[in-house]
Amino acid sequence: MTHLETLRTFCLAAELNSFSASARHLNLPRATVSQRVSQLEVAVGVRLFKRTTRKIELSHEGEILYKAAKASLVILHGAIDDIQQEKALTGAIRLSVPALMPNSIMSSWIQEFSSDNPRVSIEIIASDRVSDLAFDNIDIAIRGRKVTSDKLVCRLWQSVPMYLVATPDSRQSRAVDDPIMDPLGCYKPIGNAKPRQSQISSNDLLTTLRLCLASYHAAYLPAPMISHHLDQGDLQTIAGLCEPSNLDIYLVYEAMPLLSPSARAMVAFLQEKMTKAG
């Protein structure tokens, strides 16, 4: 028990004129409230309340102490609030995500973390380039490629299916061995259905998607990137040419001691969300 709790209990009892009502308000046993007041009376050496079987009321000395204690509590709680505000997370976090966010739920998580920590700024760098976190000054990354480095932590978030897609016109006219754009290197043909080398290729997902939408060639892309275009009829899936595969999405960050307090807090926040999401 702290002195603040004792003074708060005393002031509440003075305002409610009842130990029982104070106990209910504080969710404490009545005996605890009575004991705190008695200990305060012993400390100051006077009776602070006039007690009857029906109620309590402040004594003359109690009124003097109540006014001083009430004013002191306002000042102390204000100081505590100021200290806690100073301890609040501050600073900037650089978060690297794929050019097209792999899942809309990630956007909502970022917004929630930002709302909970208004003094933290979050810069989102959208790119499919494989970043060097230290060189690019990236704190946290969401990536579709597993990073192999003893300086980085790579935590699996989710697996999303990959689909071979093309525009309706391109799909209708394509031959079995026509080139396929495979920016992630995940495409595994079935049997003799090995495609020819594409004249234009890119390891950038967004660039590959744009080329595919322009009817250049079919492309092997993760479902979250193309689901909207499939729904709109801009793209169609091509079945039977490759083995099914998934793209693993990872949360990547430097070892915790190397991260700022704000970045550590965001990593812990995202890990908790990912665990609950399953």
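Structural notes, computed from the coordinates. Here the structure is a predicted model, which is why all the values come from computation and not from measurement.

Cut-off values and rules
Residues numbered from 1 in each chain as written. Predicted model: local features only at pLDDT ≥ 70, side-chain atom pairs only at ≥ 80, totals over all residues. Heavy atoms only, no water. Helix = DSSP H or I, 4+ residues; strand = E, 2+ residues; numbered from the N terminus. Buried < 20%, exposed > 50% of the residue type's maximum accessible area, 1.4 Å probe, protein only. Contact = heavy atoms within 4.5 Å. Areas by Shrake-Rupley, 256 points an atom, 1.4 Å probe, with all protein chains shown as cover. Lys, Arg positive; Asp, Glu negative; His and termini not counted. Charge placed at Lys NZ, Arg CZ, Asp CG, Glu CD. Pairing = 2+ DSSP bridges. 1 Å grid on protein atoms, 1.4 Å probe; cavity = no way out; pocket = protein on both sides within 12 Å on 5 of 7 lines; lining within 4 Å. Points joined across faces, edges and corners; volume = space filled by probe spheres on them. Nonpolar A, V, L, I, M, F, W, Y, C, P; charged D, E, K, R; others polar. Axes fitted to C-alpha atoms, helices over the stretch in contact; angles between N-to-C directions. Parallel < 35°, antiparallel > 145°, perpendicular 65-115°, else oblique. Phe/Tyr/Trp six-rings, centres within 6.5 Å; stacked < 30°, edge-to-face > 60°.

1. Focus on the overall build of the protein
Next, step 1: For the protein, the count of helices and strands is 9 helices and 10 strands.
Next, step 2: Over its C-alpha atoms, taken along the principal directions, the protein stretches across nearly 100 × 40 × 30 Å.
Next, step 3: Considering the protein as a whole, with its 278 residues, one finds that 38% of them fall into the buried category.
Next, step 4: In the protein, of all internal contacts separated by at least 6 residues, the share reaching a separation of at least 24 is 69%.
Next, step 5: Entry remark: accessible area of the protein is about 16,000 Å², with carbon and sulfur atoms responsible for 51%.
Next, step 6: For the protein, the distance from the average site of its 29 positive side-chain charges to the average site of its 28 negative ones is 9 Å.

2. Side note on the pairing of strand S8 (residues 218–222)
Next, step 1: Taking burial as the measure, the 5 residues of S8 include 5 buried ones, the bulk of the element.
Next, step 2: Residue alternation in S8 divides its side chains into two sets, Ala 218, Tyr 220 and Pro 222 and Ala 219 and Leu 221, and both sets are buried.
Next, step 3: When strand S6 (residues 152–166) meets S8, the two strands line up antiparallel, connected through 4 bridges. Each residue of the ladder has a partner; that of Met 162, found in S8, is Pro 222.
Next, step 4: Judged from the 2 bridges that link them, strand S7 (residues 180–181) and S8 form a sheet pairing that is parallel. Across the sheet, residue Met 181 finds its bridge partner in S8, namely Ala 219.

3. As for the layout of surface pockets
Next, step 1: A volume near 200 Å³ is recorded for the largest pocket.
Next, step 2: Around the largest pocket, the lining residues are Ile 180, Met 181, Asp 182, Pro 183, Pro 189, Lys 194, Pro 195, Arg 196, Gln 197, Ser 198, Ser 201 and Ser 202.
Next, step 3: Residue composition of the lining of the largest pocket, grouped by class: 5 nonpolar, 4 polar and 3 charged.

4. Section: the packing of helix H1 (residues 3–16) against helix H3 (residues 30–44)
Next, step 1: Close contact between H1 and H3 brings their axes to 9 Å; oriented N to C, the two are set at 105°. One way to sum up the angle between H1 and H3 is to call them roughly perpendicular. Two secondary-structure elements touch here, H1 through Glu 5, Thr 6, Leu 7, Thr 9 and Phe 10 and H3 through Val 33, Arg 36, Val 37 and Leu 40.
Next, step 2: Of the residues in the contact of H1 with H3, the class split is 5 nonpolar, 2 polar and 2 charged.

5. So, the pairing of strand S3 (residues 91–97)
Next, step 1: Both S3 and strand S4 (residues 120–126) contribute to a ladder of 7 bridges, which runs parallel. The residue of S4 that forms the bridge with Ala 92 is Ser 121.

6. Points about the side chain of His 217
Next, step 1: Mapped onto the fold, His 217 is located in the loop between helix H7 (205–213) and S8.
Next, step 2: On the accessibility criterion, His 217 (17% relative accessible area) is buried.
Next, step 3: Excluding anything up to four places from it in sequence, His 217 contacts Pro 179, Met 181, Ser 198, Leu 211 and Cys 212.

7. Some details on unusual backbone geometry
Next, step 1: Unlike most non-glycine residues, Asn 27 shows phi in positive territory, near 60°.
Next, step 2: Here Asn 27 lies in the loop between helix H2 (19–26) and H3.

8. Some details on the packing of aromatic side chains
Next, step 1: A complete count under the given rule lists 5 aromatic pairs for this structure.
Next, step 2: A centroid spacing of 5.6 Å and a plane angle of 65° characterise the contact between Phe 10 and Phe 49, whose relative ring orientation is edge-to-face. Of the two residues, Phe 10 sits in helix H1 while Phe 49 sits in strand S1 (residues 49–51), which places them 39 residues apart along the sequence. Summarising the burial analysis for this pair, Phe 10 and Phe 49 share the class buried.
Next, step 3: Pairing Trp 109 with Trp 157 gives two aromatic rings, centres 5.7 Å apart and planes at 50°, and the pair type is tilted. Placement of the pair is Trp 109 in helix H5 (residues 104–116) and Trp 157 in strand S6, with a sequence separation of 48 residues. The pair formed by Trp 109 and Trp 157 is uniform in burial state, with each residue classed as buried.

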